[in-house]
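Coordinate inspection notes
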Amino acid sequence: MPDAGYLIAAVALAAGITFALRALPFAVIEPLRASPLAAVLAARMPAGLLLILVVYLLRDTPAKAPPAAAATVVAVVLVAALHRWRANALLSVVSGTALYVVATNTVVH
Amino acid sequence: MDWRTSIPRLSGDVRAALADTLPVGAGMVPLGVAFGILVTQAGLAWWWTPVISGLVFAGSLEFLLLSLMIAAAPLATIALTTLLVNSRHVFYCLTFPLQQVPGRFGRLYARFALTDEAYALTTTPAAQGFSSRRILAMQVSMHGYWVAGGIIGALLGSVVPTLAGLDFALVGLFVVLAVDACRSGRDLAGGLLAVLSAVTAGLVAPGEMLLLAMSLFVALLALSTRLRAAAPRLRPVRA
């Protein structure tokens, strides 16, 4: 196991850089916020960035065994459909997760 | 001040914040538990979990960081990995309602805790009008879920059997937030550009997929916005 000094330096570096990436853009962006392009980007970006995060989280699905991949696809479709219908975040997430947990621990095994 | 008079005022915003973050917590706690288990399995003392999760507070990076630390990777590698994995956060300042948060400490904390989840939960138009207390309470509660999950995993991971598949909650959460964002935006072209960017990035550079996909998407979006502005008769720009 590496020594404590190395571990502390590693955590401090990761924390410092992460903070800088989150904090510094505000200083750069603040003056640009009034620009029409920034306004349109701010309106159109969230849906796209969230879709990208979803694709990223599901990136390993095609490589999984067919039953496991099917469980993921069915659970995702359930969450999306349920949320379009009822628009209740907790209900959608809990239902999808429950289905996925049951499938993973029973059918897929 | 009598605490009984301050509680009802407090609870409105804080309760709303807790309701907002409850689905996130359902995803973050099991993921935090998994992280805590890995930390102790790596041979680190349990308290490294709250130190890492509390100070870095960036889920996917922390898993990578841990594997780099165990391998005693050069600090330069750790710095570069952090920079690449977390670069996507630079886009979040466009919609995060920092203008609602007054006070130096609050603004500092709001920036520090601007995670994927904090960004996602504040993309709705309504979030632009959230009170400072509600925004900070959302961020503090998510920080709490993540650190608490980690401590549970680090201390009890070897004792308590864990249920496989609970981490799907995080996928479910982002699907829910994407459905919400699509509903308010109704931007089919934007959605297609996003999926195209994600798939392209996944094929070209799977290791740096998130950063590449988001950069590509923002560039394409800026381009398509410019093109629409140049030909306004084709389709009005929604702002």
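Residues numbered from 1 in each chain as written. Chains lettered and ligands numbered in written order. Predicted model: local features only at pLDDT ≥ 70, side-chain atom pairs only at ≥ 80, totals over all residues.

What follows concerns the overall build of chain A. When helices and strands are tallied, chain A shows four helices and zero strands. Its helices and strands in sequence order give chain A the pattern α-α-α-α, from N to C terminus. Dimensions along the principal axes, computed over C-alpha positions, put chain A at roughly 50 × 50 × 25 Å. By residue count, 39% of the 109 residues in chain A fall in the buried class. (Helix = DSSP H or I, 4+ residues; strand = E, 2+ residues; numbered from the N terminus. Buried ≥ 20, exposed ≤ 12 C-beta atoms within 10 Å, placed from the backbone.)

For the pair helix H2 (residues 36-57) of chain A and helix H10 (residues 209-230) of chain B, interaxial distance at closest approach is 9 Å and the crossing angle is 145 degrees. Crossing of H2 of chain A over H10 of chain B shows right-handed handedness. Between H2 of chain A and H10 of chain B, the residues in contact are Leu 37, Val 40, Leu 41, Arg 44, Met 45, Gly 48, Leu 49, Ile 52 and Tyr 56 of chain A and Met 209, Leu 210, Ala 213, Met 214, Phe 217, Val 218, Leu 221, Ala 222 and Thr 225 of chain B, respectively. When grouped by side-chain class, the residues that make up the contact of H2 of chain A with H10 of chain B number 15 nonpolar, two polar and one charged. (Axes fitted to C-alpha atoms, helices over the stretch in contact; angles between N-to-C directions. Left-handed = near helix turned anticlockwise from the far one by under 90°. Contact = placed C-beta atoms within 7 Å. Nonpolar A, V, L, I, M, F, W, Y, C, P; charged D, E, K, R; others polar.)

Residues and elements named next belong to chain B. Even without being a glycine, Phe 57 presents a positive backbone phi close to 50 degrees. Positive phi outside glycine occurs at Ala 72, with the angle close to 50 degrees. What makes Ala 72 partly exposed here is the crowd of 13 C-beta atoms within 10 Å.

Attention shifts here to the domain arrangement of chain B. Residue and element names in this part refer to chain B. Along its sequence, chain B is organised into domain 1 (3-186) and domain 2 (187-239). Centre-to-centre, using C-alpha coordinates, domain 1 lies 26 Å away from domain 2. When the residues that make up the side of domain 1 that touches domain 2 are grouped by side-chain class, the tally is three nonpolar, two polar and two charged. (Domains from an automatic or database assignment.)

All names here are of chain A. Mapped onto the elements, Leu 7 comes out in helix H1 (residues 4-29). Leu 7 gets classed as partly exposed once you count the C-beta atoms within 10 Å, which come to 18. Distance from Leu 7 to Ala 42, taken between C-alpha atoms, is 38 Å for residues 35 residues apart in sequence.

Every α-helix winds through 3.6 residues per turn, so residues three or four apart in the chain are directed the same way. The end-to-end C-alpha distance of helix H4 (residues 75-86) of chain B is 16 Å, a good match for the 16 Å that twelve residues give at a rise of 1.5 Å each. Those residues of H4 of chain B lying buried are Ile 78, Thr 82, Val 85 and Asn 86 of chain B. Within H4 of chain B, the buried residues cover an arc of 80 degrees as seen down the axis, which keeps them to one side. More than 90 degrees from the buried face of H4 of chain B, the exposed residues found are Ala 76, Thr 77 and Leu 80 of chain B. Contact partners of the buried residues in H4 of chain B: H1 of chain A together with helix H3 (59-70) of chain B. (Expected span 1.5 Å × (residues − 1). Arc of directions from axis to C-beta.)

Once that is clear, we can look at the interface of chain A and chain B. How large an interface is tends to be reported as the accessible area lost when its parts come together. Every contact between the two is made by 59 residues of chain A and, on the other side, 74 residues of chain B. Counting residues per element, the ones that place at least two in the side of chain A that touches chain B are H1, H2, helix H3 (66-86) and helix H4 (89-105) of chain A. Here the side of chain A that touches chain B takes 21 residues from H2 of chain A, the largest share from any one element. By residue class, the composition of the side of chain A that touches chain B is 47 nonpolar, eight polar and four charged.

Below, the discussion takes up the domain arrangement of chain A. With domains assigned, chain A is organised as domain 1 (1-45) and domain 2 (58-109). Each of domain 1 of chain A and domain 2 of chain A was reduced to a C-alpha centroid, and the two centroids are 32 Å apart.

One recurring pattern in soluble globular proteins is that nonpolar side chains are buried together. Within the largest apolar cluster, 105 residues are counted, with the highest numbers of intra-cluster contacts made by Leu 50 and Ile 52 of chain A together with Phe 174 and Ala 178 of chain B. A per-element tally of this core places H2 of chain A first, with 14 residues. With residues near it in sequence (within four places) discarded, Phe 174 of chain B still touches Leu 50, Leu 53, Val 54 and Leu 57 of chain A together with Ala 120 of chain B. (Core = buried A, V, L, I, M, F, W, Y, C linked by C-beta atoms within 7 Å.)

It is worth spelling out the packing of H2 of chain A against helix H9 (residues 188-204) of chain B at this point. For the pair H2 of chain A and H9 of chain B, the least separation of the axes is 8 Å and the interaxial angle reads 35 degrees. Helix-helix and strand crossings are classified by hand; for H2 of chain A and H9 of chain B the assignment is right-handed. Of H9 of chain B, the residues touching H2 of chain A (which contributes Arg 44, Ala 47, Gly 48, Leu 51, Ile 52, Val 55 and Tyr 56 of chain A) are Gly 190, Gly 191, Leu 193, Ala 194, Val 195, Ser 197, Ala 198 and Val 199 of chain B. Considering only residue class, the contact of H2 of chain A with H9 of chain B consists of ten nonpolar, four polar and one charged.

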